[in-house]
Structures are given as C-alpha cells and as structure tokens.
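Spelled out from the first residue to the last, the chains are:
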Amino acid sequence: LGAWLWPGPRSLGPIGLDVHTLVYAAFMVLVGSQATLMAVFARVYASKAGLLPEAGWFARVWRRVSLEGGIVAGLLLLLVGLGGAARSVRTWQAAGFGALHPGDVLRVVVPSGLLLTLGAKVLFGSFLLGVLDLDVRHDAPPSVARPRSE
C-alpha cells in the first residue's frame, strides 16, 4: 500500500488515499516487523530451552541467517533511509528552510523514517538473535558461553 501511495494520491472508487494513509501504512509495517521479530526471538529461545522441537523449515532458514548478514541488512536499510532524509533536507534547503508542502515532504520523510527504523530494528535484532543463539554450557559458570557450532 505504501509503495502504491508513494508517487501521489490515489483513489479506490470514491475513497481518496493520500499521505495520511501512507503514514498509517508505515506504522503497520513497523507493527508487523515487530511481531515478526518477536516470533523469531520466541522461537529461537524456545528451541534453545528445549520447550519446542526445531521445526524443519525454521531450521533450514536459521542455518542461512547470520549475525553478519543481519548487520549488513540493517546497515543497508539505515543508509537508504539516511539518503532519503538527506534528500528531504536538501529540498528544505532549496526552499530557504521555509515552509514546504506537507504532502510532498511526507512522501520522502515517511519512507525514509520507516527505513531508518527498520534498519535499526534489524541491526539490534540481529545482535539479540546472536545472543539467543549462544550455546550456554550448563556445567560451567554462567559467564561462559560459546557461539553455536556450524
């Protein structure tokens, strides 16, 4: 929905959709991404604690996921978001740092803010997944942990 609204206002029959819908679409992406991260965190923890068996599809996906890959993905999202933020500041500068048309500005600011937020979530989530995935030795002091074996 957000990508469809990005170029400009749209209509669905008599219903007009504009930047207000774009803002809500961005919020829903954030809620969905948070729910997805929470589900992944819970699944990893439950599998490590022996509360759930490892699901076949999850194990296959999990073997391909790495802390480094999450860091790269998070940084890429952050960089694209920063690029959009820089574009909006240049637009504001071109207007002499005066008033701007909200509809035009929000079409850049909302996706940029969304990408910045998603990038931070992916980056921090990757670190938490790395911690959750540590193999903790129960026969050693609690401070001793080792990364999962590949």
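(A) Structural context of the overall build of the protein. A count of helical and extended segments in the protein gives five helices and four strands. Taken from the N to the C terminus, the helices and strands of the protein come in the order α-β-β-α-α-α-α-β-β. Taking 15 Å as the expected radius of gyration for a compact globule of 150 residues, we find that the protein reaches 21 Å, considerably beyond that expectation. Its C-alpha atoms give the protein principal-axis dimensions of roughly 65 × 40 × 20 Å. With 150 residues in all, the protein has 27% of them scored as buried. Considering only residue pairs separated by 6 or more positions, the protein has 62% of its internal contacts joining residues 24 or more positions apart.

(B) Unusual backbone geometry, seen in detail. Backbone geometry places F97, a non-glycine residue, at a positive phi of 55°. Residue placement: F97 occurs in the loop between α4 (67-94) and α5 (102-132).

(C) Seen up close, the packing of aromatic side chains. Applying the stated rule across the entire model yields two aromatic pairs. Here Y24 and F27 contribute two aromatic rings whose centre-to-centre distance is 6.3 Å and whose plane-to-plane angle is 80°, an arrangement assigned as edge-to-face. Taken together, the residues span about one helical turn, with Y24 and F27 both in helix α2 (residues 19-48) at a distance of three residues. Owing to a relative accessible area of 43%, F27 belongs among the partly exposed residues under this scheme. For the ring pair W92 and F97, a centre distance of 4.9 Å and an interplane angle of 85° mean the geometry is edge-to-face.

(D) Structural detail: the confidence of the model for the protein. Put simply, the protein has an average pLDDT of 87, and 90% of its residues get 70 or more. Across the protein, element-level confidence peaks in α4 with a mean pLDDT of 95 and bottoms out in strand β4 (residues 145-146) with 60.

(E) Looking closely at the pattern of salt bridges. Per the counting criterion, the structure on display carries two salt bridges. Linking R107 and D18 is a salt bridge whose minimum nitrogen-to-oxygen distance equals 2.2 Å. Residue R107 is located in helix α5, and its partner D18 is located in the loop between β2 (15-17) and α2; the two are separated by 89 residues in the primary sequence. The shortest N-O distance in the salt bridge between D133 and K48 comes to 3.6 Å.

(F) Representation of α2 within the structure. Spanning 30 residues, α2 covers 43 Å between terminal C-alpha atoms, matching the ideal 44 Å at 1.5 Å per step. Considered for burial, the residues of α2 that qualify are V19, T21, L22, A25, A26, S33, L37, F41, R43, V44, A46 and S47. Where α2 is buried, its residues touch α1 (2-5), β2, α3 (56-64) and α5. Just past α2, the residue G50 takes up positive phi, approximately 80°.

Thresholds, definitions, all that
- Residues numbered from 1 in each chain as written.
- Predicted model: local features only at pLDDT ≥ 70, side-chain atom pairs only at ≥ 80, totals over all residues.
- Heavy atoms only, no water.
- Helix = DSSP H or I, 4+ residues; strand = E, 2+ residues; numbered from the N terminus.
- Rg over C-alpha atoms; globule rule 2.2 N^0.38 Å.
- Buried < 20%, exposed > 50% of the residue type's maximum accessible area, 1.4 Å probe, protein only.
- Contact = heavy atoms within 4.5 Å.
- Phe/Tyr/Trp six-rings, centres within 6.5 Å; stacked < 30°, edge-to-face > 60°.
- pLDDT = per-residue confidence, 0-100.
- Salt bridge = Lys/Arg side-chain N within 4 Å of Asp/Glu carboxyl O.
- Expected span 1.5 Å × (residues − 1).

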